[in-house]
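Spelled out from the first residue to the last, the chains are:
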Amino acid sequence: MRALALAGGVGCAVVGGVFFAFSTFVLPALRRLPDADAARAMRSVNELAVRPPLVLALFGTAAAVTVLGVLAVRRGEVRLVAGCAAYLLGVVVVTVVANVPLNDRLARGQNGFAEFARAWAGWNHVRTVAGVGAAVLLLTRA
């Protein structure tokens, strides 16, 4: 269980770090560009994001924390359960129900970049805090 908490915690930290980078400098840099250029750049980023490095980190971590969460519930390990729930709800669910649909709308040209960035950034901040918070909870237990 310790190894799973360590692996899950590292995965949460990696994914949270990716989202931190977007919140702190990638999206602000894109906002400095003309709207059409920023939208084109973000569409390119979104196309590259759905490849093995990020997908494996995001969903491999989800698989690990799901198993860990089940074991933690059985053992009454509240800190681990909280960390797993933070990642699954605050990272995975938010990604699927908020950020991906926004990306899809941007890809279809249904909103300009400024409108997209406002909504996307808020949800990305949630993912950042959830990923980093989950890492802290899992790694301080590991």
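First, a word on what this report is: a plain description of the structure on this page. Predicted, not measured: the structure shown is a model, and the values here were computed from it. (Residues numbered from 1 in each chain as written. Predicted model: local features only at pLDDT ≥ 70, side-chain atom pairs only at ≥ 80, totals over all residues. Heavy atoms only, no water.)

## Comments concerning the environment of Ala135
Now for step 1: Position of Ala135 among the secondary structure elements: in helix H5 (residues 113-141).
Now for step 2: Residue Ala135 is classed as buried on the basis of its relative accessible area, which comes to 5%.
Now for step 3: With residues up to four places along the chain from it excluded, the contact list for Ala135 reads Gly9, Cys12, Ala13 and Thr140. (Helix = DSSP H or I, 4+ residues; strand = E, 2+ residues; numbered from the N terminus. Buried < 20%, exposed > 50% of the residue type's maximum accessible area, 1.4 Å probe, protein only. Contact = heavy atoms within 4.5 Å.)

## Concerning the nonpolar core
Now for step 1: Ranked by internal contacts, the top residues of the largest apolar core, which has 19 residues, are Cys12, Val15, Tyr87, Val91 and Leu138.
Now for step 2: Broken down by secondary-structure element, the contributors of at least two residues to this core are helix H1 (2-31), helix H3 (52-75), helix H4 (78-107) and H5.
Now for step 3: It is H3 that provides the largest number of residues to this core, a total of six residues.
Now for step 4: If near-sequence neighbours (up to four positions away) are discounted, Tyr87 is found in contact with Cys12, Val15, Ala57, Leu58, Thr61, Ala62, Val65, Val92 and Ala134.
Now for step 5: Within the second largest apolar cluster, 13 residues are counted, among which are Ala38, Phe113, Trp120 and Ala121. (Core = buried A, V, L, I, M, F, W, Y, C linked by side-chain atoms within 4.5 Å.)

## Details of the packing of H3 against H4
Now for step 1: Contact geometry of H3 with H4 gives a least axis separation of 9 Å together with a crossing angle of 145°. Handedness of the crossing formed by H3 with H4: left-handed. Facing Ala57, Leu58, Phe59, Thr61, Ala62, Val65, Thr66, Leu68, Gly69, Ala72 and Val73 of H3, the residues of H4 in contact are Leu80, Val81, Cys84, Tyr87, Leu88, Val91, Val92 and Thr95. (Axes fitted to C-alpha atoms, helices over the stretch in contact; angles between N-to-C directions. Left-handed = near helix turned anticlockwise from the far one by under 90°.)

## Comments concerning H1
Now for step 1: In a regular helix each residue adds 1.5 Å, so 30 residues correspond to 44 Å; H1 covers 42 Å between its end C-alpha atoms and thus fits that length.
Now for step 2: At Phe22, H1 shows its strongest bend, of approximately 45°. (Expected span 1.5 Å × (residues − 1). Bend = angle between axes of the 7 residues up to and from the residue.)

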